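Per-entry structural report
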Amino acid sequence: MTKLVICNWKMNGSVQLVDSFISSLPQSNDSCWNLVIAMPHVFLSYVNSKSPRFKLAAQDCSIYGGFGARTGEISADILASIGVEYIIVGHSERRAHGDDVESVYAKMENAVRCNITPILCVSDDYESQITNRTEELLRRRRDAVILAYEPVSAIGTGVTPSIDDIRETITRLRSRYGVNSIAYGGSVTSDNAQDVMGINGISGALVGGASLKLRELSAILNPREFI
Ligand code: PEP
């Protein structure tokens, strides 16, 4: 199964950094992964024009759909028009700054309507983050959504759950919500990426801090070259 390595750059980067990534990142050796780049919105078109081999992701989108007088907002429709294939929704850093379950649902629904795959981030309290209608949408679009298990305690801390714990939670999420694609995120580095990506049934990993370091990301993608 081809797994996704989803690079969440958060509020980081520069044109220079984007250029160095495009020119230096290795190609997949054996097509065992697809690289999904969630850079700040302003870099996405640029990346696509320079190197269409990357899959584009947005880190968020507006709760509003379509086009119109919404200063500062970026809709899923606009993101679709530049070739974005994935949108991260409900990241804990956004939930901490005001995204509630209703706005996360609205973003997810807009992504799905625009044929973009939402990557719905949930933490250990996923029962309270997934409302009935979010669950209904997950089940109805089970092949077109990704659920990302991202324990808040692991994000940016270097402290991850054990591989067994991640495996168990992923299995529980799959049987509870029926979603086919489930990824893990939280302090994935070149030290643990092989173990995480090797979890049976996992669809990929979200990589935050480590995805900003070219050597680190290269080692995650092509570990054999770095042994
Ligand atoms: C994230 O914030 O989605 C993430 C995975 O971050 P980090 O890898 O830095 O823990």
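Higher on the page you've got the structure.
Attention here is on the structure that accompanies the text. (Residues numbered from 1 in each chain as written. Predicted model: local features only at pLDDT ≥ 70, side-chain atom pairs only at ≥ 80, totals over all residues. Heavy atoms only, no water.)

On to the overall build of the protein. Regarding its fold elements, the protein presents 10 helices and 8 strands. In summary, the protein has a C-alpha radius of gyration of 17 Å against a globular reference of 17 Å for 227 residues, a match within 12%. Based on the C-alpha atoms only, the size of the protein along its principal axes is roughly 45 × 40 × 30 Å. By the burial criterion, 52% of the 227 residues in the protein qualify as buried. Long-range contacts, defined as pairs at least 24 residues apart, comprise 71% of the intrachain contacts of the protein with a sequence gap of at least 6. (Helix = DSSP H or I, 4+ residues; strand = E, 2+ residues; numbered from the N terminus. Rg over C-alpha atoms; globule rule 2.2 N^0.38 Å. Buried < 20%, exposed > 50% of the residue type's maximum accessible area, 1.4 Å probe, protein only. Contact = heavy atoms within 4.5 Å.)

Right, let's get into the nonpolar core. Counting 59 residues, the largest nonpolar core has Val 5, Leu 35, Ile 87, Leu 138 and Leu 147 as the members making the most contacts within it. Ranked by the residues each element gives to this core, the list is headed by helix H5 (residues 101–113), at 5 residues. Look past the residues within four positions of Ile 87 in its chain and what remains in contact with it is Ala 58, Asp 60, Cys 61, Ala 76, Leu 79, Ala 111, Ile 116, Thr 117, Pro 118 and Ile 119. (Core = buried A, V, L, I, M, F, W, Y, C linked by side-chain atoms within 4.5 Å.)

For the rest of this paragraph, the subject is the pattern of salt bridges. Under the definition given, this model contains 14 salt bridges. Its salt-bridge partner being Asp 99, residue Arg 94 comes within 3.7 Å of it at the nearest N-O pair. Overall, the relative accessible area of 37% leaves Arg 94 in the partly exposed class. Taking the relative accessible area as the measure of exposure, Asp 99 reaches 12% and is therefore buried. Between Arg 176 and Glu 135 there is a salt bridge, with the nearest N and O atoms lying 3.1 Å from each other. Here Glu 135 lies in helix H7 (residues 132–140) and Arg 176 lies in helix H8 (residues 163–177), a separation of 41 residues in the sequence. (Salt bridge = Lys/Arg side-chain N within 4 Å of Asp/Glu carboxyl O.)

It is worth spelling out the site of the ligand at this point. Of all residues adjacent to the ligand, which total 13 residues, the nearest are Lys 10, His 91, Glu 150, Gly 156 and Ser 187. Residue Glu 150 places a side-chain N or O atom 2.8 Å away from an oxygen atom belonging to the ligand. (Near = heavy atom within 4 Å. Polar contact = N/O pair within 3.5 Å; in protein donor to acceptor, adjacent residues only side chain to side chain.)

Residue placement: Asp 99 occurs in the loop between helix H4 (92–95) and H5. Here the side chain of Asp 99 touches Lys 107 through a polar contact of 2.8 Å, side chain to side chain.

Counting through the fold element by element, Pro 52 comes out in the loop between helix H2 (41–50) and strand S3 (55–58). When its relative accessible area of 64% is taken as the criterion, Pro 52 is described as exposed. In this structure, the C-alpha to C-alpha distance between Pro 52 and Gly 83, residues 31 residues apart in sequence, is 9.6 Å.

In strand S4 (residues 86–89), alternate side chains face the same way, and those of Tyr 86 and Ile 88 on one face and Ile 87 and Val 89 on the other are all buried. Running through helix H3 (residues 76–81), the crossover from S3 to the neighbouring parallel element S4 is right-handed. Two elements, S4 and strand S5 (residues 117–122), share 4 bridges in a ladder whose sense is parallel. Paired with Tyr 86 across the strands is Thr 117, a residue of S5. (Right-handed = clockwise from strand over helix to strand, strands pointing away. Pairing = 2+ DSSP bridges.)

For the rest of this paragraph, the subject is unusual backbone geometry. If you check the backbone angles, Lys 10 has positive phi at about 55 degrees while not being a glycine. Since its relative accessible area comes to 23%, Lys 10 is described here as partly exposed.

With that settled, consider helix H10 (residues 214–221). The complete set of buried residues in H10 reads Leu 217, Ser 218, Ala 219, Ile 220 and Leu 221. Lining the buried residues of H10 we find strand S1 (3–8), helix H1 (15–24), strand S2 (33–38), helix H9 (193–197) and strand S8 (204–207).

Taken as a whole and assessed by the stated rule, the structure comprises 3 aromatic pairs. Their ring planes at 75 degrees and their centres at 4.9 Å tell us that Trp 9 and Phe 21 sit as a pair that is edge-to-face. Here Phe 21 lies in helix H1 and Trp 9 lies in the loop between S1 and H1, a separation of 12 residues in the sequence. An identical accessibility class is assigned to Trp 9 and Phe 21; each is buried. Between Tyr 126 and Tyr 177, the aromatic rings sit 6.2 Å apart at their centres with planes inclined by 85 degrees, giving edge-to-face as the arrangement. Pair noted here: Tyr 126 is in helix H6 (residues 126–129) and Tyr 177 is in helix H8, with a separation of 51 residues, a long-range link. (Phe/Tyr/Trp six-rings, centres within 6.5 Å; stacked < 30°, edge-to-face > 60°.)

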